[in-house]
Every structure is written in C-alpha cells, then in structure tokens.
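Descriptive analysis of the structure
Below are the chains, spelled out letter by letter.
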Amino acid sequence: MTHTDISIIVPCYNECANIRPLVKALHSALGDYSWEVVFVDDNSPDGTIHEVRELAAENSHVRGILRIGRKGLSSAVIEGALSSSASVIAVMDGDMQHDETCLPAMIRAILDDQHDMAVASRHIEGGSCDGLSSAWRHLLSQSGIKLAQCLTSAPVTDPMSGFFAMKREWFEVRAPELSGKGFKILLELLLVSSEPVKLKEVPMVFRDRLHGESKLSPKVMILFLVMLAENLLKKPRIKCLKFPLLTILISSALFLFWRKKA
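Attention now moves to the nonpolar core. In a soluble, globular protein the nonpolar side chains are often hidden away together inside. Ranked by size, the top nonpolar core spans 36 residues in total, and within it I8, L30, V37, F39, L103 and M106 carry the most contacts. Listed by contribution, the elements that provide at least two residues to this core are β1 (6-12), α1 (19-29), β2 (35-41), α2 (48-56), β4 (88-91), α4 (103-111) and β5 (117-121). The biggest single contributor to this core is α1, with 6 residues. If sequence neighbours within four positions are ignored, I8 has contacts with L30, W35, E36, V37, V38, A90, M92 and L103.

Okay, here's the thing in structure tokens:
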C-alpha cells in the first residue's frame with residue numbers, strides 16, 4: 001500500500017454542495033502527492049455524509065467520518081487528524097473559501113524545510129481577506145487577531161486562519177492538551193505549545209463562499225472566548241495582562257449573548 005503524504009481534514013456541516021467541487025480542486029492541486037481528504041461531518045441534515053460516501057465509493061482519495069451527538073469544528077478536526085497515518089496533516093474549510101493551491105507550498109515547508117507548521121495567511125504580501133462577507137466579519141477577524149497575538153509568541157500574522165498544515169507527530173504530542181472548544185484550533189495549538197513553533201506562512205487569497213452560509217454564530221464566538229480565557233489562565237508569563245484581557249473576554253461574551261437574545 002502506498003504511503004499517504006498528506007491527509008486533508010475538512011470539518012463540515014451542511015456542505016453537501018461543496019464536496020465534489022472541493023475534491024476536484026484537490027485533485028488539480030495535489031497531482032504529485034499521495035493524499036487523502038477526510039470529511040468529518042456532524043450529522044448534517046442536508047445529507048453531506050451521503051454525498052461523501054457516494055464519492056468515496058468511486059474515489060479512493062476520499063474518506064468520511066460521521067459524528068452523532070458531537071458537534072464543533074475544533075473537536076471535529078482533532079478526531080479527523082487522529083484518524084490519519086500520513087506524515088502531514090492539513091486542515092481546511094469545506095466551503096471553498098480556502099485556496100487549495102496553497103497546499104503544495106505548505107507541504108514543502110514541512111517535508112522539505114522541516115517546519116512544524118505552515119499557515120495560509122491572509123495578512124502577508126500576496127494574501128487577501130476579501131472573501132469575508134461583511135464589515136462585521138472583518139472587525140471580528142481583526143479583533144481576534146490582535147487579541148490572539150497578545151497570547152502567543154509564535155511568529156504568525158494570521159493566528160485566526162482556519163487553513164494550516166502540520167507534522168502529524170507534532171500534532172499528536174499536543175493533542176491531549178487541546179480542549180476541542182470553539183472554532184480556531186490553530187490558535188489553541190499555538191497556545192498549548194510550550195516550545196517555540198517552527199512555522200512558515202504562505203500567502204492566501206480568502207475567496208467568496210461557493211455554496212451554503214457561514215457557521216459563525218454568537219454561540220461559536222462565546223466558545224472561542226472561553227477557550228482563550230482558559231488558556232490565558234495557564235500563561236504565567238502574561239500575568240500582568242490577565243485582568244484586563246479577561247475583562248475584555250467576559251464583556252465580549254456577554255455582548256454576543258445579548259445580541260443572540262435581541
């Protein structure tokens with residue numbers, strides 16, 4: 001059996017219409033690699049897992065994991081990544097907003113240059129976040145980045161990116177420390193890493209969504225803020241910042257809760 005170079009983990013919910021276009025795009029981008037894509041579906045009502053299984057029956061690159069009674073992007077990524085035996089694990093969204101042509105450069109950064117992680121960044125030269133759907137999403141993204149950069153010393157311009165790759169062994173060492181909460185698992189991986197992360201960024205143009213709608217909600221944002229708060233309390237090196245940052249986190253959570261109720 002041929003060794004798989006890379007597993008692409010795609011957490012998904014109601015992404016039925018995007019499954020085949022994404023797999024087709026991956027075929028074009030990864031022609032020289034041995035790869036698989038693992039769709040981790042949280043029992044989508046639109047039949048996403050059925051589309052995945054139909055495609056898997058005719059395409060050996062495709063796998064699907066159906067989760068029942070468990071939901072959440074971060075926990076889906078963890079479950080999918082732990083099912084892999086590939087040398088490199090990549091994580092990307094299933095809505096076609098992440099540019100799959102970034103993958104070869106990300107894989108080379110890990111396999112050839114021996115980086116722990118490669119991140120597709122919207123905020124370096126050649127990157128763009130034009131695909132964010134509204135001024136509100138832009139504000140959330142920029143605010144999250146500023147807050148995240150206060151918590152991690154990793155050399156990353158886009159800690160809120162949902163598109164990244166990493167060594168499988170590197171991930172497995174850190175997996176037991178992950179909470180599985182929220183939707184920004186890249187940031188949590190950086191936060192739980194006690195040693196400096198050897199990281200490279202690759203420019204990404206964040207595209208418009210092809211089908212479906214955003215999964216961002218007040219509940220998801222609150223879970224993200226809870227994850228940040230939990231990791232903040234574990235960071236003695238930024239003790240002087242804990243009170244003001246926790247105040248911001250709690251205030252933000254209350255505001256999002258109020259918006260949901262309004």
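Among the residues of α1, those classed as buried are I19, L22, V23, A25, L26 and A29. Angularly, the buried residues of α1 cover 160° about the axis, an arc narrow enough to put them on a single face. Exposed side chains of α1 directed beyond 90 degrees from the buried face belong to K24 and S28. Taken together, the buried residues of α1 touch β1, β2, α2, β3 (62-66) and α4.

Quick look at the side chain of S7 now. You can see S7 is positioned in strand β1. Side chain to side chain, S7 and E36 meet in a polar contact 2.6 Å long. Here the side chain of S7 touches S84 through a polar contact of 2.7 Å, side chain to side chain. Every residue in contact with S7, bar those within four places of it in the chain, is listed here: E36, S84, A86, V88, I89 and A90.

Attention now moves to unusual backbone geometry. Unlike most non-glycine residues, N14 shows phi in positive territory, near 60°. Looking at where N14 falls in the secondary structure, it is placed in the loop between β1 and α1. Residue N14 is classed as partly exposed on the basis of its relative accessible area, which comes to 28%. Of note in the backbone geometry, N43 takes a positive phi value of approximately 55° without being a glycine. Secondary-structure assignment places N43 in the loop between β2 and α2.

With that settled, the discussion passes to the sheet that holds strand β6 (residues 164-167). Taken together, the 7 strands give an open sheet; going across it, the order is β3-β2-β1-β4-β6-β5-β7, and neighbouring strands pair in mixed fashion. Strands with a single pairing partner mark the edges of an open sheet, and in this sheet they are β3 and β7 (199-203). The sheet shows a mean angle of 20° between the axes of neighbouring strands, taken without regard to direction. As paired strands, β1 and β4 are joined by 4 bridges and run parallel to one another. The residue of β4 that forms the bridge with I8 is A90. Running at roughly 150° to β3, α2 makes contact with β1, β2 and β3 of the sheet.

Attention now moves to α2. If you check which residues of α2 are buried, you get T48, I49, E51, V52 and L55. Buried residues along α2 cover an arc of 160° about the axis, so they all sit on one side. Against the buried residues of α2 lie β1, α1, β2 and β3.

Two faces belong to every sheet, and in a regular strand the side chains alternate between them. Note that β2 and β3 share 5 bridges and pair parallel. For V37, the partnering residue across the bridge sits in β3 and is V62. Running through α2, the crossover from β2 to the neighbouring parallel element β3 is right-handed.

Within the fold, G126 resides in the loop between β5 and α5 (135-151). Sequence separation of G126 and M204 is 78 residues, and the distance between their C-alpha atoms is 6.9 Å. When residues no more than four places from it in sequence are discounted, the contact partners of G126 are P203 and V205.

For β1, the tally of buried residues reaches 7 of 7 residues, placing the bulk of the element in the interior. Alternating residues of β1 divide into I6, I8, V10 and C12 and S7, I9 and P11, and every residue in both groups is buried. Both β1 and β2 contribute to a ladder of 7 bridges, which runs parallel. What sits directly across from P11, in β2, is V40. Running through α1, the crossover from β1 to the neighbouring parallel element β2 is right-handed.

Scoring rules and cut-offs
Residues numbered from 1 in each chain as written. Predicted model: local features only at pLDDT ≥ 70, side-chain atom pairs only at ≥ 80, totals over all residues. Heavy atoms only, no water. Core = buried A, V, L, I, M, F, W, Y, C linked by side-chain atoms within 4.5 Å. Buried < 20%, exposed > 50% of the residue type's maximum accessible area, 1.4 Å probe, protein only. Helix = DSSP H or I, 4+ residues; strand = E, 2+ residues; numbered from the N terminus. Contact = heavy atoms within 4.5 Å. Arc of directions from axis to C-beta. Polar contact = N/O pair within 3.5 Å; in protein donor to acceptor, adjacent residues only side chain to side chain. Pairing = 2+ DSSP bridges. Axes fitted to C-alpha atoms, helices over the stretch in contact; angles between N-to-C directions. Right-handed = clockwise from strand over helix to strand, strands pointing away.

Any functional reading would require information beyond the geometric quantities listed.
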